[in-house]
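Breakdown of the fold
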Amino acid sequence: MAYHLSLSLSLSLLLFTYFPSNSQSNQFCEAGIGYDEVGCGISSSSTKLLIKGGTVVNAHHQEIADVYVKDGIIVAVKPNLTVGDDVKVIDATGKFVMPGGIDPHTHLAMEALNTESVDDFFSGQAAALAGGTTMHIDFVIPVNGSLIAGLEAYEKKAKKSCMDYGFHMVITKFDDIVSRDMEIMVKEKGINSFKFFLAYKGVLMVNDELLLEGLKRCKSLGALAMVHAENGDAVFEGQKRMIQLGITGPEGHALSRPPLLEGEATARAIRLAGFVNTPLYVVHVMSIDAMEEIAKARKSGQRVIGEPVVSGLALDDSGLWDSDFTTASKYVMSPPIRASGHGKALQDALSNGVLQLVGTDHCVFNSTQKASGIDDFRKIPNGVNGIEERMHLVWDLMVESGQISVTDYVRVTSTECARIFNIYPRKGAIIAGSDADIIILNPKSTFEINARSHHSRTDTNVYEGRRGKGKVEVTIAGGRVVWENNELKVVPGSGKYIEMAPFSYLFSGIDRADASYLSSLNAPVKRFKSTT
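Only a predicted model underlies this, so the values are computations on that prediction, with no experimental measurement involved.

1. A few points about the overall build of the protein
Across its full length, the protein carries 15 helices and 20 strands. Relative to its length of 532 residues, the protein is compact, with a C-alpha radius of gyration of 23 Å against a globular reference of 24 Å. Counting only contacts in the protein whose residues sit at least 6 apart along the sequence, the fraction spanning at least 24 positions is 74%. Entry remark: accessible area of the protein is about 21,300 Å², with carbon and sulfur atoms responsible for 52%. Considering the protein, the positive charge centre built from 53 side chains and the negative charge centre built from 61 side chains are found 6 Å apart.

2. Side note on the packing of aromatic side chains
The tally for this structure, following the rule as stated, stands at 12 aromatic pairs. With centroids separated by 5.6 Å and ring planes inclined at 45°, the aromatic side chains of Tyr165 and Tyr497 adopt a geometry described as tilted. Here Tyr165 is found in strand β12 (residues 164-170), whereas its partner Tyr497 is found in the loop between β20 (487-488) and α15 (510-519), with 332 residues between them in sequence. Ring geometry for Phe503 and Phe507: centres 5.7 Å apart, planes at 70°, overall edge-to-face. The exposure class of Phe503 is partly exposed, given its relative accessible area of 48%.

3. Let's talk about the pattern of salt bridges
All told, the structure shown has 31 salt bridges when counted by the stated rule. In this structure, Glu183 engages Lys187 in a salt bridge whose closest nitrogen and oxygen atoms are separated by 2.7 Å. Taken together, the residues span about one helical turn, with Glu183 and Lys187 both in helix α3 (residues 176-188) at a distance of 4 residues. Arg378 serves as the salt-bridge partner of Asp376, at 2.8 Å between the closest nitrogen and oxygen. Note on Arg378: relative accessible area 38%, which makes it partly exposed. Counted as one network, the salt bridges with shared partners bring together Asp164, Arg426, Lys427, Asp435, Asp437 and Lys496.

4. Digging into the sheet that holds strand β14 (residues 224-228)
Strands sit in the order β8-β11-β12-β13-β14-β15-β16 across an open sheet of 7 strands; the sheet is parallel. The sheet is open, and its two edges are formed by β8 (101-106) and β16 (304-306), each paired on a single side. For this sheet, the mean inter-axis angle between neighbouring strands, taken without regard to orientation, is 25°. Where strand β13 (residues 193-197) and β14 come together, 5 bridges link them in parallel fashion. What sits directly across from Lys195, in β14, is Met226. Strands in contact with helix α7 (residues 259-276) are β14, β15 (280-282) and β16; relative to β15, the strand with the most contacts, it is inclined by about 170°.

5. Side note on the environment of Lys296
For Lys296, the position within the fold is in helix α8 (residues 288-299). Residue classification places Lys296 among the partly exposed residues on the basis of a relative accessible area of 47%. Distance in space between the C-alpha atoms of Lys296 and Lys52 is 45 Å, their sequence separation being 244 residues.

6. Some remarks on the UniProt feature "domain: Amidohydrolase-related" (unreviewed entry) in the protein
Under the UniProt annotation, "domain: Amidohydrolase-related" (unreviewed entry) lies at residues 96-482. End-to-end, the C-alpha atoms of residues 96-482 are 17 Å apart, and along that stretch the chain is 37% helix and 18% strand.

7. Details of the pairing of strand β5 (residues 73-78)
Note: strand β4 (residues 61-70) against β5, 5 bridges, orientation antiparallel. By the bridge assignment, Val69 is partnered in β5 with Ile74. Remark: 2 residues form the turn of the hairpin made by β4 and β5, two consecutive strands paired antiparallel; Asp71 in that turn has positive phi of roughly 50°.

8. Comments concerning the nonpolar core
In terms of nonpolar packing, the biggest core is built from 129 residues, with Met98, Phe194 and Phe196 touching the most fellow members. Counting 18 residues, the second-largest nonpolar core is a separate cluster that includes Leu49, Ala92, Ala436 and Ile476.

9. Brief notes about the environment of Asp289
Note on placement: Asp289 falls in helix α8. We classify Asp289 as partly exposed; its relative accessible area is 27%. As for Asp289 and Leu393, which are separated by 104 residues in sequence, their C-alpha atoms are 24 Å apart. Those residues in contact with Asp289 that lie beyond four places of it in its chain are Pro259, Leu260, Gly263 and His342.

10. Describing a nonpolar patch on the surface
The grouping of Tyr517, Leu518 and Leu521 at the surface amounts to a nonpolar patch, some 320 Å² of accessible area in total. Within the secondary structure layout, Tyr517 lies in helix α15.

11. Quick word on the packing of α3 against helix α4 (residues 208-221)
For the pair α3 and α4, the least separation of the axes is 10 Å and the interaxial angle reads 35°. Pair α3 / α4 crosses with right-handed handedness. Contacts between α3 and α4 involve Ser179, Met182, Glu183 and Val186 on the former and, on the latter, Gly214, Arg217, Cys218 and Leu221. When its residues are assigned to classes, the contact of α3 with α4 shows 4 nonpolar, 2 polar and 2 charged.

12. Considerations on unusual backbone geometry
The omega torsion across Ser334 and Pro335 is -10°, close enough to zero to call that bond cis. Position of Pro335 relative to the elements: it lies in the loop between α10 (325-329) and α11 (342-351). Omega for the bond connecting Ala523 with Pro524 falls within 30 degrees of zero, at 0°, which places this linkage in the cis form. By the element assignment, Pro524 lies in the segment after α15. Even without glycine at this site, Leu113 takes up a positive phi of about 50°.

13. Examining helix α13 (residues 390-399)
An α-helix turns once every 3.6 residues. As a result, residues three or four positions apart point the same way. Most of α13 sits inside the fold, with 9 of its 10 residues counted as buried. Those residues of α13 not exposed but buried are Arg390, Met391, His392, Leu393, Val394, Trp395, Leu397, Met398 and Val399.

14. Some thoughts on the side chain of Glu416
For Glu416, the position within the fold is in helix α14 (residues 406-420). In this structure the side chain of Glu416 is engaged in a polar contact, spanning 3.1 Å, whose partner is the side chain of Arg419. Here the side chain of Glu416 touches Tyr505 through a polar contact of 2.6 Å, side chain to side chain. If sequence neighbours within four positions are ignored, Glu416 has contacts with Gln356, Leu357, Arg411 and Tyr505.

Cut-offs used in this document
- Residues numbered from 1 in each chain as written.
- Predicted model: local features only at pLDDT ≥ 70, side-chain atom pairs only at ≥ 80, totals over all residues.
- Heavy atoms only, no water.
- Helix = DSSP H or I, 4+ residues; strand = E, 2+ residues; numbered from the N terminus.
- Rg over C-alpha atoms; globule rule 2.2 N^0.38 Å.
- Contact = heavy atoms within 4.5 Å.
- Areas by Shrake-Rupley, 256 points an atom, 1.4 Å probe, with all protein chains shown as cover.
- Lys, Arg positive; Asp, Glu negative; His and termini not counted.
- Charge placed at Lys NZ, Arg CZ, Asp CG, Glu CD.
- Phe/Tyr/Trp six-rings, centres within 6.5 Å; stacked < 30°, edge-to-face > 60°.
- Buried < 20%, exposed > 50% of the residue type's maximum accessible area, 1.4 Å probe, protein only.
- Salt bridge = Lys/Arg side-chain N within 4 Å of Asp/Glu carboxyl O.
- Pairing = 2+ DSSP bridges.
- Axes fitted to C-alpha atoms, helices over the stretch in contact; angles between N-to-C directions.
- UniProt positions renumbered as here; feature names shortened; annotations may be inferred.
- Core = buried A, V, L, I, M, F, W, Y, C linked by side-chain atoms within 4.5 Å.
- Patch = residues over 30% accessible without salt bridge, like charges linked within 9 Å, V, L, I, M, F, W, Y side chains within 5 Å.
- Left-handed = near helix turned anticlockwise from the far one by under 90°.
- Nonpolar A, V, L, I, M, F, W, Y, C, P; charged D, E, K, R; others polar.
- Polar contact = N/O pair within 3.5 Å; in protein donor to acceptor, adjacent residues only side chain to side chain.

If you want it as structure tokens, here you go:
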């Protein structure tokens, strides 16, 4: 990859910084406040914005109105607003004005297989902003099982953030210290969700005993339990089987972890969560098998959230069989991108409410990093891009096709995430008092995706050459215009950590359900002990 020099300017001369890039149009400034050829630098200095004449869309309502923003907060949403002269005015006539996207599932600067994903908390967030996402929630990986050490490491990684973010916490072991630290995370650190991997044997995977302990602890804290649902023991066996058959390329990755293993783990996690009676969030639902387990549970009244990711909605697994290793390996992620038919079924499930929101699982490694598994698919770092592409692809796939409404689009890309993680209506809404995280989308404009022009640091893109309708033309984050006229204007360190409180709406009535269960037991039965 080429390296380009980015000059950072301020009142005093700052240091030069080098960083990887794919083209002249894919650069960022990192040495504090500054700018380069693509307009990286201080965004609009105005603290007041007026967005005029657009169709304002929330999850349950849309209207033609103006939006007035001051000091990062939405002050008013009304037709024909009149304001003073010191206001930046943006004309949104004929366009949709919507809450910025919230990506519930990302892995920035994540360490895996002795390397680290190439998008950090600056480049990944900058890419997100260019694509209309104004907040994401990343996963903190413990350090040697320690939640405290893991959080400290991620707090350092996030210091260069240029947009708002939150954290989920991964659990890899369970003991009294972890139990105590989970409480600290919830009550002091603003983390209200914990993830359990049922895959990656010997690295992140937990067994059923640990999962049960974790589910109970999550329930007591009002924290949402999340699962990566694949049967890790069976995947390990599948991997050995592929190697024995001489299948060492990227296609072996998909063949070693078929949909039935995702379905089994999803069913098992759902049943254990039902046994504990606590809400469950299933991340990156990639198959019909897993989706049907979620549908069945929700139909029975169980509180299960299903999160498809945009790669699962938009792609099929044909790329994994490409004769070029670089092309094939870029599609390797877990659970795998599935065969044709699964994606359309997931789209249908999203449109009818079986699945509730769309994430990305953005975790990118460049072609050199992926090449470490050229002779063994088990050594290919898992992950694909999506943080920049999600909003455009969901619009084109779901709205342009008529599968969901514009209001539903807002729900699945922003509002439902805010509700699930208990930050609504601060996020996920365009109403007075909400944070001014806003996008302006032109439904008549078109987009094209390629690695030459994207803002991620990776040198490949799994959506290469994809075109569609519906383009985010303006992104406003915290009241600042950060994307306009195809120019990205971002400031390292300007992002804020968003604390998320426990006991979201998913926990409403759980205590009454527990009481009802206990009263239904008709036990213990009083018995007379026989005497001899």
